[in-house]
Amino acid sequence: MAGHSKYKNIMHRKGAQDKKRSGMFSKLSREITVAAKMGLPDVEMNPRLRAAVNAAKAQSMPKDNIQRSIDKAARGDAETYEEIRYEGFGPGGVSLIIEALTDNRNRTATNVRTAVSKNGGNLGASGSVSHAFDRMGLISYPAKSGDPDKVFEAALDAGAQDVSSSDDGHEIWTEIGDLHEVAKALEPVLGIAEGAKLAWRPQVMVDVNESDAATLLKLIDTLDEDDDVQQVWGNYEVSDEIMEKLS
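Residues numbered from 1 in each chain as written. Predicted model: local features only at pLDDT ≥ 70, side-chain atom pairs only at ≥ 80, totals over all residues. Heavy atoms only, no water.

(A) Spatial organisation of the sheet that holds strand β4 (residues 133-141). The four strands lie next to each other as β5-β6-β4-β7, forming an open sheet whose pairing is antiparallel. One side of each edge strand has no neighbouring strand; the edge strands of this open sheet are β5 (162-166) and β7 (195-202). Adjacent strand axes in the sheet meet at a mean angle of 30°, parallel and antiparallel pairs treated alike. Pairing geometry for β4 and strand β6 (residues 169-174), over five bridges, is antiparallel. Bridge pairing links I139 to I172 in β6. Running over the sheet, helix α6 (residues 179-190) touches β4, β6 and β7 and is turned about 20° from β4. (Pairing = 2+ DSSP bridges. Helix = DSSP H or I, 4+ residues; strand = E, 2+ residues; numbered from the N terminus. Axes fitted to C-alpha atoms, helices over the stretch in contact; angles between N-to-C directions. Contact = heavy atoms within 4.5 Å.)

In structure tokens form, the structure reads like this:
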């Protein structure tokens, strides 16, 4: 395990959370419905559903909304969503992996391609950038869950592979097959995680200058606002100094 590096990833960039609250709930609901539809509508028997529900609770999503999303799948009247992954490049040569859940592949492809091309990037073929990422499990905790030493020890005991802690929070990385067992083992020590999901971890980070960072963050905001886009992963690093200038 690597210890307490200040590893930063695209999915933990902060800002404008209140404005995006409605959109966030929509994405969480969609993931809950898909998870319940793919397996049993029981959080104890369905690890993906358990992770989705815990993520929703961590974001203070109302219990009624959570249950409604589960019931929708259980009744069989939920939309049929397809999981799609797009790969490409953003400003500054950064690599991007965009994950979507959609009921209209053509709509999503058009929206994603437009957002990327209008903000200094371009989409590539499947596999064009994912070879530079490792597919792993990621469990996220807020900084208040504990100091880096406490989180490191808990993760080590739970069987995690790596831990990264910063002022923004803690990222606990696992092997794909260990994700849900590690997440379950951490709950008695650290509480319910903000998120537990399969993730793309960059093998090498790319430093982005101020000009490229401004365009890149605009691209990420545009993608975040699309209801079909669930997650954007990238290999970029923006310094605190540049972030201060752009905020």
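From this point, the narrative continues.
(B) Fine view of the sheet that holds strand β9 (residues 229-234). Strand order in this open sheet of four strands is β3-β1-β2-β9, and the pairing throughout is antiparallel. The sheet terminates laterally at β3 (122-124) and β9, the two strands that pair on one side only. Within the sheet, the average angular offset between the axes of one strand and its neighbour, ignoring direction, is 30°. Sheet analysis places strand β1 (residues 82-89) next to strand β2 (residues 95-102), joined by eight bridges and oriented antiparallel. Following the sheet pairing, I84 is matched in β2 by A100. Where helix α7 (residues 210-224) meets the sheet, its contacts fall on β2 and β9, and the angle it forms with β9 comes to roughly 155°.

(C) Examining the environment of A185 more closely. Within the secondary structure layout, A185 lies in helix α6. The sequence separation of A185 and D227 amounts to 42 residues, and the corresponding C-alpha distance is 32 Å.

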